[in-house]
Amino acid sequence: MATAIQQRLLDLAADIATSPPEDLAFTHSVLAQTSLPTTRPPDGMRRWERHQGRATLLVQAGEAIDPSTQKFIKLPLPYGPKARLLLMHLNTEAVRRQSPIIPVEDSMTAFFRRVMGRTLDGRQIRMLKDQLTSLAAASFSLGIIQGDDRALQVDTKVVTAFNLWFQKDAAQRVLWPSILRLSADYYESLTRFAVPLDERALAALAHSATALDIYCWLAQRLHRIPVAKPQLVPWSALYDQFGNGYREIRKFRRDFLRLLTQVKAAYPEARLSDDRRGIALAASPPPVAKRVIQISPLPNAI
């Protein structure tokens, strides 16, 4: 008998295979090639750096003032599937609204109800609150190599300001902030490097940070591979990119192939195969058919 996660994956995969996406989501190209930590980093880890191809990501954990003590406290790095889904939701709302100003209160609850397939309980909302707080406090450096002697680097926070200490209502339920604003630098970078995704795929893979990372990676890469020129990504490179937390490449390979089967169900047009030496990637249509997607830059943007 299929588990709830397996049944949800089967149902969504069938829908993806037979109909085009209605609801799109977006990630940043750098975060499609690199990734946040998959699991909670060790205590004391304040810096997370990843390189993949021409993309580089550096995340540094932030601090926030505690109103009860009026002192700054250290917040952990954002991690796991919830941090990824939160960031993709913020990206998506910015693209949809053509604005860095996002009404969070209603859109956040609706998004996670669609993605998780159920109404969130208090524990899950508190976990989301913690990840959103870590995302808002963290500093991001996004780098893209643009030539032998040129690189574009953006040093920024994703979110400029909002109430990090969430209010509660009379029933002690955690409330979302009403409005959140993306930083100007991050929003401008998103206008240039947004990668469209099928929201149904995110829902199918929401149980696994690594599955979400694999899907985003393939979404931005497969359609750029030249026809008749498949590319082999060796297991050593895949281990470096997705193997955080694994001590043995053998166990990583086993789990990666299991997750890759799930990703292929959520991205049925992805053409790839296990070559034993690695994963062979072939030219494939993107999960979202090419269309004109314009994101309005801020006034006076450089």
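The model shown is predicted, which means the values in this text are computed figures rather than measured ones.

## Here we look at unusual backbone geometry
Across residues other than glycine, the phi torsion is negative in most instances, and most of the peptide bonds are trans. The backbone phi angle of Q70 is positive, close to 60°, even though this residue is not glycine. Mapped onto the secondary structure, Q70 falls in the loop between strand 4 (63-66) and strand 5 (71-74). A positive phi angle, near 70°, is found at R276, a position not held by glycine.

## Brief notes about the sheet that holds strand 8 (residues 150-156)
Taken together, 4 strands build an open sheet; the order of strands is 2-3-7-8 and the sheet is antiparallel. Bordering the open sheet on either side are strand 2 (47-52) and strand 8, each of which pairs with just one other strand. Direction aside, neighbouring strands of the sheet carry axes that sit 10° apart on average. Examined bridge by bridge, strand 3 (residues 55-60) and strand 7 (residues 139-147) share 6 bridges and lie antiparallel to one another. Across the sheet, V59 pairs through a bridge with F140, a residue of strand 7.

## Comments concerning the pairing of strand 1 (residues 24-28)
In terms of burial, strand 1 is a largely internal element, 5 of the 5 residues being buried. Residue alternation in strand 1 divides its side chains into two sets, L24, F26 and H28 and A25 and T27, and both sets are buried. Of the strand pairs in this sheet, strand 1 and strand 11 (residues 194-198) are connected by 5 bridges, and their pairing is antiparallel. Residue pairing across strands places T27 opposite V195, the latter belonging to strand 11.

## Examining the confidence of the model for the chain
The pLDDT averaged across the chain works out to 88; a share of 90% of its residues lies at or above 70. In this model, residues 170-174 is a region of pLDDT below 50 whose contacts with residues beyond four sequence positions or in other chains number 8 contacts.

## A word on the environment of V95
Position of V95 among the secondary structure elements: in helix 3 (residues 80-97). By relative accessible area, V95 is classed as buried at 6%. Distance from V95 to A25, taken between C-alpha atoms, is 8.9 Å for residues 70 residues apart in sequence.

## Some details on the environment of I279
Considering the arrangement of structural elements, one finds I279 in strand 14 (residues 278-281). Considered as a pair, I279 and P234 are 45 residues apart in the sequence and their alpha carbons are 6.5 Å apart. If we ignore the near neighbours within four places in the chain, the residues touching I279 are Q231, L232, V233, W235, L238, F256, L257, L260, L272, S273 and D274.

## Side note on the packing of helix 3 against helix 4 (residues 104-116)
Interaxial distance between helix 3 and helix 4 falls to 11 Å at its minimum, and their mutual angle equals 125°. Here helix 3 lies oblique to helix 4, going by the angle between them. Helix 3 and helix 4 meet at a crossing whose hand is right-handed. Only S107, M108, F111, F112 and V115 of helix 4 make contact with helix 3, whose side of the interface consists of K82, L85, L86, H89, L90 and E93. Along the lines of polarity and charge, the residues of the contact of helix 3 with helix 4 split into 7 nonpolar, 2 polar and 2 charged.

## Topic: the pattern of salt bridges
This model, assessed by the stated rule, comprises 12 salt bridges. Ionic pairing is found between D275 and R277, a salt bridge with its closest N-O pair at 2.6 Å. Within this structure, D15, D198 and R200 form a network of salt bridges that share partners.

## As for helix 9 (residues 235-242)
All buried positions along helix 9 are accounted for by W235, L238, Q241 and F242. The buried side chains of helix 9 occupy one side of the element, clustering within an arc of 125° when seen end-on.

## Quick notes on the side chain of H28
Along the chain, H28 falls in strand 1. Overall, the relative accessible area of 1% leaves H28 in the buried class. Not counting chain neighbours up to four residues away, the residues in contact with H28 comprise N91, L142, Y186, S189, L190, F193 and V195.

## So, the packing of helix 8 (residues 209-221) against helix 9
Their axes nearest at 11 Å, the elements helix 8 and helix 9 cross at an angle of 120°. On the basis of the axis angle, helix 8 is oblique to helix 9. Crossing of helix 8 against helix 9: the hand is right-handed. Counted together, T210, D213, I214 and W217 of helix 8 and L238, Q241 and F242 of helix 9 form the full contact between these two elements. Looking at the contact of helix 8 with helix 9, its residues break down into 4 nonpolar, 2 polar and 1 charged.

Calculation criteria
Residues numbered from 1 in each chain as written. Predicted model: local features only at pLDDT ≥ 70, side-chain atom pairs only at ≥ 80, totals over all residues. Heavy atoms only, no water. Helix = DSSP H or I, 4+ residues; strand = E, 2+ residues; numbered from the N terminus. Pairing = 2+ DSSP bridges. Axes fitted to C-alpha atoms, helices over the stretch in contact; angles between N-to-C directions. Buried < 20%, exposed > 50% of the residue type's maximum accessible area, 1.4 Å probe, protein only. pLDDT = per-residue confidence, 0-100. Contact = heavy atoms within 4.5 Å. Parallel < 35°, antiparallel > 145°, perpendicular 65-115°, else oblique. Left-handed = near helix turned anticlockwise from the far one by under 90°. Nonpolar A, V, L, I, M, F, W, Y, C, P; charged D, E, K, R; others polar. Salt bridge = Lys/Arg side-chain N within 4 Å of Asp/Glu carboxyl O. Arc of directions from axis to C-beta.

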